[in-house]
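Each chain, written out:
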Amino acid sequence: MSQNVKQAFLGSFFHTPIYGSFEYLEDALIEVDAAGVIARVVRKDDPAQAALINTYREAGVLTELGENRYGLPGFVDIHVHAPQWPQAALALDEPLYVWLEKCTFPLESKFADLDFADKVYRDLVNQLLARGSTTTVYLGSAHLESSILLAEICNAKGQRALVGKTVMDDPAANPPYYRDASVQSALADVQKHIDAVEAINRNSWAGVYPVVTPRFIPSCTDEVLKGMGDIAAKNDVYVQTHCNEGQWEHDVVLERFGKTDPYALRDFGLLREHAIMAHCPYLTPEEGEMFAELGVTIAHCPMANSYFSSAVAPIQRFRSQGIHVGLGTDISGGYSPSMYENIRQAVLVSRLLETGVNAMLPPDARGGLGEGTRLSVVEALWLATKGGGEALGLPVGSFQPGCDFDLQVVDVKRRDGDLTGFRVFDAPIDRLARILYLSSVDNVRKVYCNGKLLRDKDLEG
Ligand code: GUN
Ligand code: FE
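Given the structure is predicted, the values throughout are model-derived calculations rather than measurements.

Engineer: Looking at this structure, how should I read the overall build of the protein?
Structural biologist: Tallying secondary structure elements over the protein gives 16 helices and 18 strands in all. Taking 461 residues into account, the globule formula puts the C-alpha radius of gyration at 23 Å, and the protein, at 22 Å, falls close to it. Projected onto its principal axes, the C-alpha coordinates of the protein cover approximately 70 × 60 × 40 Å. Expressed as a percentage of its 461 residues, the buried residues of the protein come to 60%. Sequence-distant contacts, at least 24 apart, represent 71% of the contacts inside the protein between residues at least 6 apart.

Structure, rendered in C-alpha cells:
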C-alpha cells in the first residue's frame, strides 16, 4: 500500500475527461491521498488490482460503491444567486427587469438580516450537495456580512465554493432600499470581502475563493466598474458578472458606451482569465475571439436563457472558438437547483437552436443554425463537470490523477427511481444516458468533496 494512499474506492465510474466522449471505468479502484487528491486509477485489467483491493480492505480504507451504483464526478455549478433561493420558480413570466424589481431586489434586500441569511444559505448548500454539486460559484447579496457568512457556511459544510458580494451602486438603476451606498463604500466592501474569504480559505479543506462581482453593467456606475477591475487585478482574484444576457441589456450598454457589453467589460479590466460571464447568447464571433484570447469563461444557463434572453447560446460555436464554457443553474433565473435538470435543458435548447422552431416556415427559413449546433448529453455532462473545472482553472470534474476526489454515488435501483431500463439496452452509454436523463435527487446517495464524505443518504434514512 503506497504511503500516500489514505482511502480507496472500488466500483464503476463514468466521467468525461475529454469533450465529446465519455469513459466508463468498470470495476476500477481509485486511490485517494491524504489531501483528498486522486493518486491513481487502477483498472480491473491491471494485474496489480486484486492485491491492492485486498490490502486496502484489510487496512479498513476501502469503500465499495456497491451493486447497482455508479460514481460520477461531483458537479461544478458556475452560476448561482444564493439569496434568490426563496424565489426559485417564481415570477418567471416577467421580463428580466420587471422580475428584478418586483421580486428579486425586495428578496435580496432581506439578506441584511444575518439570521435569515443563515437559514436560507444553509438550506441552499444542503440542497445543492444533495444533488451532487460539489463546486459552486455563488453571487451573494449586496451585503458584505451575509456574503462572508455564505463563504463560512460553504466551508463548514465542505463544499468548494467561489463567493462574491454583489455590487450594484448606481442610484439611478437600483432601489434606495437595496444598493451600495456609494462608490467608495462598494469598493471598500469588495476589498473587505476578498480579505475575509481569503482568510477563511487559509483554513479550508476544499477551497473557498473570493469573486469580484458587479451585478451587471446596467446596475453599476463607471467608477465602480473601473474600481472593481482594478481590485480584481491587484488581488489576482476571480471576476463574475452577467454579460450579453438579453436584448434589453445589450441595447442599454450599447447606448451608454457606444460599444457592446463584452468590450465595455474588457475596458473596465473585468475580463481576466477565468472571469465568469453568465449567459452570453448575444456574443458575436468577434467578441468570442476576444474571450478566447483573454481566457474568459462563459457560464451557460439554459433555463434562464429560455426565460430572459429570447435566445439560445450557441455553445458549440463557443467551444470551437476555444472559449471556456461551464454550466450554471442560475438559481433563480433557472428554477432548478439540479445540474441534472440543467444538463437536460442544455441538450434540449441546443436542438431547438439547431433546427429553429416555427414549423409554419420552410425548414431552411426557421432560423436554426444547422448541423454542428446540438449538444449531446455526454457533452452536456462535460460542461457540468470537467468543463466547469477547466472554466475555473481548478483540478476538478474528472477521475484523473491529480484531480480532487469529488464523487457522487448514483443508485440506479431505488424503489421509485429504477434507472436500469430492465437491462434491455445495457451498454455503458445506455446506463449513462438513463442516469443523466432520468435520475432524481433520491438516486444520488452519497456525495464526497475533496475525499470527504459530505452526504450519506443511506445513513440519513
Ligand atoms: N442580470 C442582473 N441581475 C440578474 C439576476 O439576478 N439574474 C439574471 N438572470 N440576470 C441578471
Ligand atoms: Fe444570474
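Here the narrative resumes, following the displayed structure.
Engineer: What am I meant to see in the nonpolar core here?
Structural biologist: Buried together is how nonpolar side chains tend to be arranged in soluble globular proteins. One finds Y138, V212, M277, F291, F318, I343 and I435 to be the most contacted residues of the largest nonpolar core, which totals 91 residues. When neighbours within four sequence positions are excluded, V212 is seen to be in contact with V190, I194, M228, I231, A232, V237, Y238, V239 and Q240. Among the nonpolar cores identified, the runner-up in size contains 15 residues, and V211, I276, A304 and L394 belong to it.

Engineer: Whenever I open this one, the side chain of T385 confuses me. Can you help?
Structural biologist: By secondary structure assignment, the location of T385 is in the loop between α13 (377-384) and α14 (386-392). Separated by 3.4 Å, the side chains of T385 and T16 make a polar contact. When residues no more than four places from it in sequence are discounted, the contact partners of T385 are T16, P73, G74, F75, V76, V396 and G397.

Engineer: Could you clarify how one ought to interpret the packing of aromatic side chains in this entry?
Structural biologist: For any pair of aromatic rings, geometry is given as the distance between the ring centres together with the angle between the planes. Under the criterion given, the structure shown has 20 aromatic pairs. Here the aromatic rings of F105 and Y178 are separated by 6.0 Å at their centres, their planes lie at 50 degrees, and the arrangement is tilted. Residue F105 is located in helix α2 (residues 96-109), and its partner Y178 is located in the loop between β8 (160-167) and α5 (183-202); the two are separated by 73 residues in the primary sequence. Note on Y178: relative accessible area 1%, which makes it buried. We note R319 situated over the ring of Y19; from NZ or CZ to the ring centre the distance is 4.3 Å.

Engineer: I keep staring at helix α4 (residues 144-157) and nothing clicks. Help me out?
Structural biologist: An α-helix turns once per 3.6 residues; consequently, residues spaced three or four apart project the same way. End to end, α4 covers 20 Å across 14 residues, agreeing with the expected 20 Å (1.5 Å per residue, within 8%). Listed in full, the buried residues belonging to α4 are L144, S146, S147, I148, L149, L150, A151, I153 and C154. Lining the buried residues of α4 we find α3 (114-130), β7 (133-139), β8, α5 and β9 (208-214). Once α4 ends, the next one or two residues include G158, with phi positive near 90 degrees.

Engineer: Hey, could you run me through the site of ligand 1 in this one?
Structural biologist: Close to ligand 1 lie H81, Q84, L96, W99, L100, R215, F216, H242, E245, H279, F308 and D330. Contact distances for ligand 1 include 2.8 Å between an oxygen atom and a side-chain N or O atom of Q84. In the environment of ligand 1, an oxygen atom lies 2.8 Å from a nitrogen or oxygen atom belonging to the side chain of R215. The dominant element in the shell around ligand 1, judged by the number of residues it contributes, is α2, at three residues. Looking at the shell around ligand 1 residue by residue, the classes come out as five nonpolar, four polar and three charged.

Engineer: Is there a simple way to think about the pairing of β7 in this case?
Structural biologist: It is a general feature of regular strands that their side chains alternate between the two faces of the sheet. The buried fraction of β7 is high, at seven of seven residues. Summarising the sheet, strand β6 (residues 75-81) and β7 pair through five bridges and their orientation is parallel. Following the sheet pairing, F75 is matched in β7 by S133. Sheet analysis places β7 next to β8, joined by five bridges and oriented parallel. Along β8, the bridge assignment pairs V137 with L162. Between the parallel elements β7 and β8, the chain passes through α4 in a crossover that is right-handed.

Engineer: Sorry, what's going on with the coordination of the iron ion (ligand 2) here?
Structural biologist: Expected angles at a metal are 109.5 degrees for tetrahedral coordination by four donors and either 90 or 180 degrees for octahedral coordination by six donors. Looking at the iron ion (ligand 2), one finds its protein donor set to be H79 (NE2), H81 (NE2), H242 (NE2) and D330 (OD), positioned 2.1 to 2.3 Å from the metal centre. Here the iron ion (ligand 2) binds four donor atoms, and the angle range of 88 to 178 degrees at the metal identifies the geometry as irregular. Read from N- to C-terminus, the donor residues coordinating the iron ion (ligand 2) fall into the pattern H-x1-H-x160-H-x87-D. Note that H79 is positioned in strand β6 and H242 in strand β10 (residues 238-243), a separation of 163 residues in sequence.

Engineer: How should I be thinking about a nonpolar patch on the surface in this particular structure?
Structural biologist: Taken together, the side chains of Y97, W248 and V252 make up a nonpolar region of the molecular surface, amounting to roughly 260 Å² of accessible area. Its place among the elements puts Y97 in helix α2. What makes Y97 partly exposed here is its relative accessible area of 39%.

Engineer: Is there a simple way to explain the pattern of salt bridges in this structure?
Structural biologist: Applying the stated rule across the entire model yields 31 salt bridges. A salt bridge links D267 to K259; its shortest N-O distance comes to 2.7 Å. Here D267 falls in the partly exposed class, since its relative accessible area comes to 41%. The partly exposed category is assigned to K259, whose relative accessible area is 29%.

Engineer: Teacher, can you tell me more about the environment of D426 here?
Structural biologist: With respect to the element layout, D426 can be found in the loop between β16 (417-418) and α15 (428-438). Residues D426 and I53, 373 residues apart in the sequence, show an inter-C-alpha distance of 27 Å.

Engineer: Explain the side chain of N244 here, please?
Structural biologist: Mapped onto the secondary structure, N244 falls in the loop between β10 and α7 (247-257). Sequence-distant contacts of N244, defined by excluding residues within four places in its chain, comprise E249, H250, D261, P262, C280, P281, Y282, L283 and E287.

Engineer: Sorry, what's going on with the packing of helix α12 (residues 339-355) against α13 here?
Structural biologist: When two helices pack together, their arrangement is given by the angle between their axes and by how far apart the axes lie. Remark: α12 packs on α13, axes separated minimally by 9 Å, with the N-to-C direction vectors making an angle of 130 degrees. The pairing of α12 with α13 is recorded here as oblique in orientation. The chirality of how α12 crosses α13 is right-handed. Residues M339, I343, A346 and V347 of α12 form the contact with α13, whose own contacting residues are V377, A380, L381 and A384.

Reading the values: the criteria
- Residues numbered from 1 in each chain as written.
- Chains lettered and ligands numbered in written order.
- Predicted model: local features only at pLDDT ≥ 70, side-chain atom pairs only at ≥ 80, totals over all residues.
- Heavy atoms only, no water.
- Helix = DSSP H or I, 4+ residues; strand = E, 2+ residues; numbered from the N terminus.
- Rg over C-alpha atoms; globule rule 2.2 N^0.38 Å.
- Buried < 20%, exposed > 50% of the residue type's maximum accessible area, 1.4 Å probe, protein only.
- Contact = heavy atoms within 4.5 Å.
- Core = buried A, V, L, I, M, F, W, Y, C linked by side-chain atoms within 4.5 Å.
- Polar contact = N/O pair within 3.5 Å; in protein donor to acceptor, adjacent residues only side chain to side chain.
- Phe/Tyr/Trp six-rings, centres within 6.5 Å; stacked < 30°, edge-to-face > 60°.
- Lys NZ or Arg CZ within 6 Å of the ring centre and 35° of its normal.
- Expected span 1.5 Å × (residues − 1).
- Near = heavy atom within 4 Å.
- Nonpolar A, V, L, I, M, F, W, Y, C, P; charged D, E, K, R; others polar.
- Pairing = 2+ DSSP bridges.
- Right-handed = clockwise from strand over helix to strand, strands pointing away.
- Donors = N, O, S within 2.8 Å, 3.2 Å for Na, K, Ca; no water.
- Tetrahedral: all angles 85-135°; square planar, octahedral: opposite > 155°, others 65-115°.
- Patch = residues over 30% accessible without salt bridge, like charges linked within 9 Å, V, L, I, M, F, W, Y side chains within 5 Å.
- Areas by Shrake-Rupley, 256 points an atom, 1.4 Å probe, with all protein chains shown as cover.
- Salt bridge = Lys/Arg side-chain N within 4 Å of Asp/Glu carboxyl O.
- Axes fitted to C-alpha atoms, helices over the stretch in contact; angles between N-to-C directions.
- Parallel < 35°, antiparallel > 145°, perpendicular 65-115°, else oblique.
- Left-handed = near helix turned anticlockwise from the far one by under 90°.

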